[in-house]
Amino acid sequence: MRVLAIDTTSPRGSVAVAGPEGVLAEARLVTTEGHSRWLLPAVEALLGGLGIAASALDVFAVTIGPGSFTGLRIGLGSVQGLALASGRPCVGLSTLDVLADAAAGS
């Protein structure tokens, strides 16, 4: 299963593609200009760099907060649009759960 994951809940945004073997590629960006300028170009660059077509993705994941209201709108709207256009499911994940999982065992 290949997943495209997006986090736009803070000024530190990220996009990642993961598969059964783990994280295949990731892009992180800190910006004051807003996520709308870089998000979809980053998705396109990540998929292009991996040689993966958007149609090869199985699911889209996005963080749902807590976080910046505008950042949430951009992330949620982008993932919903990608999921609807591709006919694939999308899933929302709590930002705090994602952070807790990353910190587990450290």
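Residues numbered from 1 in each chain as written. Predicted model: local features only at pLDDT ≥ 70, side-chain atom pairs only at ≥ 80, totals over all residues. Heavy atoms only, no water.

Moving on to the overall build of the chain. The secondary structure content of the chain amounts to 3 helices and 5 strands. From first element to last, N terminus to C terminus, the chain shows the α and β order β-β-β-α-β-α-β-α. A compact globule built from 106 residues should have a C-alpha radius of gyration of about 13 Å, and the chain, at 13 Å, falls within 12% of that. When its C-alpha atoms are laid out on the principal axes, the chain stretches across 35 × 30 × 25 Å. Evaluated residue by residue, the chain yields a buried proportion of 35% over its 106 residues. In the chain, 6 positive and 8 negative side-chain charges are present, and the distance between their average locations comes to 6 Å. (Helix = DSSP H or I, 4+ residues; strand = E, 2+ residues; numbered from the N terminus. Rg over C-alpha atoms; globule rule 2.2 N^0.38 Å. Buried < 20%, exposed > 50% of the residue type's maximum accessible area, 1.4 Å probe, protein only. Lys, Arg positive; Asp, Glu negative; His and termini not counted. Charge placed at Lys NZ, Arg CZ, Asp CG, Glu CD.)

With 18 residues, helix α2 (residues 69-86) extends 26 Å between its outermost C-alpha atoms, agreeing within 8% with the 26 Å of an ideal straight helix rising 1.5 Å per residue. For α2, every residue scored as buried is listed here: Gly71, Leu72, Ile74, Gly75, Ser78, Val79 and Ala83. One face of α2 carries all of its buried residues, which in axial projection span an arc of 170 degrees. Opposite the buried face of α2, at more than 90 degrees from it, the exposed residues are Phe69, Arg73, Leu84 and Ala85. Where the residues of α2 are buried, they touch β1 (3-7), α1 (39-50), β4 (59-63) and β5 (90-93). Remark: Gly87 follows α2 within two positions and exhibits a positive phi of approximately 75 degrees. (Expected span 1.5 Å × (residues − 1). Arc of directions from axis to C-beta. Contact = heavy atoms within 4.5 Å.)

What follows is about the sheet that holds β5. Two orientations exist for strands paired in a sheet by backbone hydrogen bonds: parallel and antiparallel. Ordered by their spatial adjacency, 5 strands build an open sheet running β3-β2-β1-β4-β5, and the pairing between neighbours is mixed. The two strands at the open ends of the sheet, each matched to only one other strand, are β3 (22-30) and β5. Neighbouring strand axes in the sheet, compared pairwise and without regard to direction, differ in orientation by 15 degrees on average. Two strands pair when backbone bridges link them, and β4 and β5 are joined in this way by 4 bridges, in the parallel orientation. (Pairing = 2+ DSSP bridges. Axes fitted to C-alpha atoms, helices over the stretch in contact; angles between N-to-C directions.)

Another aspect to go through is the pattern of salt bridges. Overall, the coordinates contain 2 salt bridges when judged by the stated rule. Arg28 is paired through a salt bridge with Glu26; the nearest N and O atoms lie 3.0 Å apart. Looking at Glu26, the relative accessible area reads 43%, which means it is partly exposed. Across the pair Glu33 and Arg37 runs a salt bridge whose closest N-O atoms are separated by 4.0 Å. (Salt bridge = Lys/Arg side-chain N within 4 Å of Asp/Glu carboxyl O.)

Further remarks concern a nonpolar patch on the surface. Together, Val91, Leu93 and Val98 line one region of the surface with nonpolar side chains, adding up to about 200 Å² of accessible area. The residue Val91 is located in strand β5 in this model. What makes Val91 partly exposed here is its relative accessible area of 36%. (Patch = residues over 30% accessible without salt bridge, like charges linked within 9 Å, V, L, I, M, F, W, Y side chains within 5 Å. Areas by Shrake-Rupley, 256 points an atom, 1.4 Å probe, with all protein chains shown as cover.)

All right, on to unusual backbone geometry then. With an omega of 10 degrees, the peptide bond running from Gly65 to Pro66 counts as cis. Relative to the assigned elements, Pro66 resides in the loop between β4 and α2.

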